Amino acid sequence: MSESASPNGISQIRVDYLAQTRRKRMYGGILLLLFVALMVGGFDLADQRNAGGFWDGLHRVFDFPAEVLSEAAEKLALLPGHLIHFAPALLETVNIAGAATLAGALIAIVLSLLSTRGLARWPRLIPVFRRVMDIMRAVPEIVIALVLIFVLGGGPVPAMIAIAFHTAGALGKLFSEVNENADLKPVEGLASVGASWSQRMVLGVIPQVSPNYLSYALLRFEINIRASAILGFVGAGGIGYELKNAMSWGQGKYDEAAAIFTLLFLTIVAVDQASSALRHKLTEGRAQ
Amino acid sequence: MTTATVQAQKLAAEQLFSRKRLFAFGLPTLALAYLLYIFFAFDVLGLTSRASLDNARTLVADSYSYKTHVSRDNRSGTVTVAIEGERKGTYPEGTAPDWVSLGEDTVIDLGNGHVVKYADEEIHYDIPGYGLITANPGRSGVATTFPDGPLPDWINASKNRVTITTDEGRLTITRNRTEVLRYFAGWELFFFTLDSPFHGRSFTDIVGLAVSSDQLEPGQSNLSAMWEDFINNAMWRHGEVFWAIFETILMAFLGTLGAAIVALPMGFLAARNFTPLRSVRFAFRRVFDFLRGVDALIWTIVLARAFGPGPLTGALAILLTDSGTFGKMFSEALENVDKKQIEGVQSTGAKPVQRYRFGVIPQITPVLLSQILYYLESNTRSATIIGAITGGGIGLLLTQAMITQKDWEEVTYYIILVILMVMIMDWLSGILRRRLIAGGEPTKRGKSRFAGAGLKRYLENAPWAR
C-alpha cells in the first residue's frame, strides 16, 4: 500500500485541498475588491473631469429626448416629408459603408493571402504584411477622415477611404485566420499543373473560404454603417451631417432630428437583422 | 445503372456547373457595377477639382519639419527670433541660434552660402549664383535693387512687398516688417522648450546630467527637473496629452466593464434555458436591440445634453451601446451551455444560486471574458471617436489641432500616440485572453476548459470581432 492512500495521507490531502480552496477564494475576493475599487475610482475620476456631474445630470437625461419627441409630435404632419427628404442622405451613408466594406474586403483578401503561412507569395514578407494590417486596424477611422477632409474637401469620399482602410486591416486579420484552416490539397493540385500564384489563390483557396469571408464582411458592414453615420457628424456627408446641422440649429429643427434618429435607428436594426439572418444561413450551410 | 439515370445525373451536373459559373462571374460583375455606381454617385471626378494639393503639401511638410522666424520691426529695429513664430517658442532677448548673429547688424546664415543681413536701414540678401539683393523699406514702400536681368519666378516683388523664396528659406519684406524663415527637419522643442536649462543639449549630455549630482535647478534633482520641464512643455503640452490618452482608455474601460456588469443579469433573463417566460425573454431582447440600434452616436448626443462634454459622457455612451451587444452575446452563450454540468451540481443538492455559480458561470466565463477583452480593445478606438464628438480625451485634442489647420506636427504626434495606444491595448487584451482562456497555455482559444460542445461550436462560429 502506498503512502498517499493511508488514512494519514488522505487527511493530509483534505487539509491541503481546503487550504488551497481558501487561498483561491481569498485571491478571488482580493481581485473582486480591486476591480470594484478600480470601477468606482474610475467612475469618480471621469465624473470630476466631466463638464457636468453625473448626479446633477441624471434627472435631466430624459429632458432632451422629451423635447425632441414633443416637438416631433407637434409637427407630426411634417414627419413623412422629412423622412423622404433625408432618404438620399441615408442612402449616401449606406453607400459609404457598402463601398468601404467592398473595397476594404478586396484589399483584405489580398493582404490576408499574403500573410498566411503556406499560401503567401513571399513567405519572408509575412511579418511585414501582418504588421501592416495591425497598423491599419489600429487607426481609428476619424483620424484618416479628418486628414482627408482637409486635403480632399468634405463629402463621402474621405469617409469611404477612411473606413475602407480600417476595414482592410480588421478583415485582413480575420480572413487570414480563416485561410489558415483552408485545405491545401487543391492548391497543391493546381500548382502541379503549373498554375500561377494568383490562379492558385482564386481557384484553390477562395472557393473554400468564401462563405466565411462573406460572413465576416457582413458583420463588418453592420459596424461600418454606424461608423459612416459618425463620420458624417464630423463633416463627411451623409445622414450624420444632416443630423449635425439639425442639432446645431437646436430647438425648432428637433422634428428633423427626430426624423433622422428614426431613419438611422431603423436602418441599423434592419441591416443587423438581415445580416445576422444571412450569416446564420452561411454558417449553417457550412456545417452540413 | 440505366442510361436514363446517367443522362439525368449528367444534366444535373451540367446545371450545377453552369450555376456555379454564373455565380463566379456574376458576383465580381455585380461588385464592379456597384463600385462604378459609387464612382459616379460620389462624384469622384469632381473630387480632383476640389482637392487641394497645397493643403496636402503644407500638411506633409509641416508634419516632419518646422521653421524658425527671424523678424525685424523696421521702425524700431528690434529683432526677434521665434520658432514657428509663436510666443512660446521665442528666444529670450539677446540670444539666438548659432546661425543668427545679433549685434549692430544682424547676420542670418541660411546655409549653402545664402546670407541675409539686416543692416541699419538696408537689407541685403546674397544669393550664390544670382547676386546681391538690396532692399530699403521705408515710408513710401520697399525700394529694392535686384541684379541685372529679368526677375526669376521665385521672386515676387511689388511696391509694398517683396518675397524671395529659395530652397534655403524665405525672405519677406514689407514696409514695417522684415522676416526670414528657415526650415529644419524634425519636431521643434519636442523635449524641452527654450526656457528650460536642458534645451539644446545632446542626448549623452542629458544622460550625464541625469545621473550627476550638481543641480541645474537648485534644490531639485536634475531628473525631476527634466521630467517637470518635459511634462510642462508649453509647445507640445505632453502632460495634457498623456492625460487625454488616459482619459480615453478610462472611457473604454468604464464603458466596457460597466456594460458587462449591466448585461450579465439581463443575459440570463433573455436566455431560453434560464427564463421560461416567453414575454420576459422577448422584452429583454427588444431592449438589447434598442440599445444597440440607437448606436453610440445618438447616445452620445443625448447624454451630452444631460451631462455636458467629458469622459463620463463618452463612457456612458459606450456603456449603453455595449450593454445591448453584450446582452445579446451573453444570452446566446448562456443558451449554449452544457446542461450536464448543471445537473451534476444539482445532484449534489445545490440550491439554484449555487447551481448558477458552480454549474453555469465557470462554463461561460471564458467566452464572456474573451468577448469583454475584445471589446475593450475595440472600444479604445471608439472612445477616440466618441471623444471627438463629445469633447473628451485624445479625440478632442486631435480635432482641436486639426481645426487650427497649422499644427500638423501635433496632429502627427497625436495620431502616432493613438495608434500606439490601440496597438498596446490590442496586445494586452490578446495576452490576457490567452492567459485567462487557455489557462496559461498559448494555444488556440478554448481547447481544454470547454466542457460543452455547443459552447465550443458557438465560439468557433460566432465572430464577435468588431
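Residues numbered from 1 in each chain as written. Chains lettered and ligands numbered in written order. Predicted model: local features only at pLDDT ≥ 70, side-chain atom pairs only at ≥ 80, totals over all residues.

1. Looking at the overall build of chain A
Here comes step 1: Within chain A, the regular secondary structure consists of 11 helices and zero strands.
Here comes step 2: Starting at the N terminus and ending at the C terminus, chain A contains elements arranged as α-α-α-α-α-α-α-α-α-α-α.
Here comes step 3: Its C-alpha atoms give chain A a radius of gyration of 27 Å, more than 25% over the compact-globule value 19 Å for 288 residues.
Here comes step 4: Each of the three principal axes of chain A carries a C-alpha extent, and together these read 90 × 65 × 40 Å.
Here comes step 5: Across chain A, the fraction of contacts at a sequence separation of at least 24, relative to all contacts at a separation of at least 6, is 74%. (Helix = DSSP H or I, 4+ residues; strand = E, 2+ residues; numbered from the N terminus. Rg over C-alpha atoms; globule rule 2.2 N^0.38 Å. Contact = placed C-beta atoms within 7 Å.)

2. Focus: the overall build of chain B
Here comes step 1: Helix and strand content of chain B: 13 helices and 12 strands.
Here comes step 2: The C-alpha atoms of chain B give 34 Å as radius of gyration, which overshoots the globular expectation for 466 residues (23 Å, by more than 25%).
Here comes step 3: Along the longest, intermediate and shortest principal axes, the C-alpha atoms of chain B span 100 × 75 × 45 Å.
Here comes step 4: By the burial criterion, 35% of the 466 residues in chain B qualify as buried. (Buried ≥ 20, exposed ≤ 12 C-beta atoms within 10 Å, placed from the backbone.)

3. Some words on the interface of chain A and chain B
Here comes step 1: Between chain A and chain B, the residue contacts involve 55 residues of the former and 58 residues of the latter.
Here comes step 2: Per element, the largest residue contribution to the side of chain A that touches chain B is eight residues, and it comes from helix α9 (residues 197-233) of chain A.
Here comes step 3: In terms of residue class, the side of chain A that touches chain B is made up of 38 nonpolar, nine polar and eight charged. (Nonpolar A, V, L, I, M, F, W, Y, C, P; charged D, E, K, R; others polar.)

4. Some words on helix α7 (residues 278-307) of chain B
All names here are of chain B.
Here comes step 1: The terminal C-alpha atoms of α7, which comprises 30 residues, lie only 36 Å apart, well short of the 44 Å expected from a rise of 1.5 Å per residue.
Here comes step 2: Maximal helix bending in α7 amounts to about 85 degrees, located at Asp-295.
Here comes step 3: Downstream of α7 by a residue or two, Gly-308 has a phi angle that is positive, lying close to 75 degrees. (Expected span 1.5 Å × (residues − 1). Bend = angle between axes of the 7 residues up to and from the residue.)

5. Quick word on the domain arrangement of chain B
Here comes step 1: Assigned domains within chain B: domain 1 (66-185), domain 2 (195-235) and domain 3 (238-465).
Here comes step 2: The C-alpha-based centres of domain 1 of chain B and domain 3 of chain B are spaced at 58 Å. (Domains from an automatic or database assignment.)

6. Looking at the sheet that holds strand β7 (residues 131-138) of chain B
Residue and element names in this part refer to chain B.
Here comes step 1: Ordered by their spatial adjacency, six strands build an open sheet running β3-β4-β5-β6-β7-β8, and the pairing between neighbours is antiparallel. Across the chains shown, the open sheet's two edge strands, defined by having one partner strand only, are β3 (100-101) and β8 (141-145).
Here comes step 2: Sheet topology places strand β4 (residues 106-111) next to strand β5 (residues 114-118); five bridges connect them, and they run antiparallel. Considered in β5, the bridge of Gly-111 is made with His-114. (Pairing = 2+ DSSP bridges.)

7. Comments concerning the pairing of strand β1 (residues 65-73) of chain B
Residues and elements named next belong to chain B.
Here comes step 1: Side chains Tyr-66, Thr-68, Val-70 and Arg-72 of β1 all project onto a buried face; the interleaved residues Ser-65, Lys-67, His-69, Ser-71 and Asp-73 project onto a face where none is buried.
Here comes step 2: In this sheet, strand β12 (residues 177-185) lies alongside β1 in antiparallel orientation, the contact comprising nine bridges. Its bridge partner being in β12, Tyr-66 is matched across the sheet by Phe-184.
Here comes step 3: In this sheet, strand β2 (residues 79-83) lies alongside β1 in antiparallel orientation, the contact comprising five bridges. The residue bridging His-69 from the neighbouring strand is Ala-82, located in β2.
Here comes step 4: Between β1 and β2, which follow one another and run antiparallel, lie five residues, and Gly-77 among them has a positive phi close to 85 degrees.

8. Things to note about the sheet that holds β12(B)
Residue and element names in this part refer to chain B.
Here comes step 1: Spatially, the six strands line up as an open sheet ordered β2-β1-β12-β11-β10-β9, and their pairing is antiparallel. Each of the sheet's edge strands pairs with one partner strand only, and the pair in question is β2 and β9 (155-157). Recorded for the sheet is a direction-independent mean angle of 10 degrees between the axes of neighbouring strands. (Axes fitted to C-alpha atoms, helices over the stretch in contact; angles between N-to-C directions.)

9. Side note on the pairing of strand β10 (residues 161-165) of chain B
Residue and element names in this part refer to chain B.
Here comes step 1: Judged by which residues are buried, β10 turns out to be one-sided: Val-162 and Ile-164 face inward and are buried, whereas Arg-161, Thr-163 and Thr-165, on the alternate face, are not.
Here comes step 2: Across five bridges, the pairing between β10 and strand β11 (residues 169-174) is antiparallel. Across the sheet, Ile-164 pairs through a bridge with Leu-171, a residue of β11.
Here comes step 3: The antiparallel pairing of β10 with β11 creates a hairpin that spans three residues between the two strands.

10. A few points about unusual backbone geometry
Residues and elements named next belong to chain B.
Here comes step 1: One non-glycine residue, Arg-237, lies in the positive phi region at around 50 degrees.
Here comes step 2: Positionally, Arg-237 belongs in the loop between α5 (222-231) and α6 (238-269).
Here comes step 3: Backbone geometry places Asp-295, a non-glycine residue, at a positive phi of 75 degrees.
Here comes step 4: Along the chain, the position of Asp-295 falls in helix α7.
Here comes step 5: You can call Asp-295 buried: it has 24 C-beta atoms within 10 Å.

11. Points about the confidence of the model for chain B
All names here are of chain B.
Here comes step 1: Per-residue confidence for chain B averages 82 on the pLDDT scale, and 93% of its residues sit at or above 70.
Here comes step 2: Mean pLDDT across the elements of chain B bottoms out in helix α13 (residues 453-461) (48) and peaks in α6 (93).
Here comes step 3: Throughout residues 440-466 the model reports pLDDT below 50, and contacts reaching past four residues in sequence, or to other chains, amount to 49 contacts.
Here comes step 4: Both confidence scores are given for the complex: pTM 0.83, ipTM 0.86. (pLDDT = per-residue confidence, 0-100.)

12. Some remarks on the packing of α7(B) against helix α8 (residues 311-335) of chain B
All names here are of chain B.
Here comes step 1: For the pair α7 and α8, the least separation of the axes is 8 Å and the interaxial angle reads 170 degrees. Compared by their axis directions, α7 and α8 come out roughly antiparallel.
Here comes step 2: Per-class residue counts for the contact of α7 with α8 are 12 nonpolar, eight polar and four charged. (Parallel < 35°, antiparallel > 145°, perpendicular 65-115°, else oblique.)

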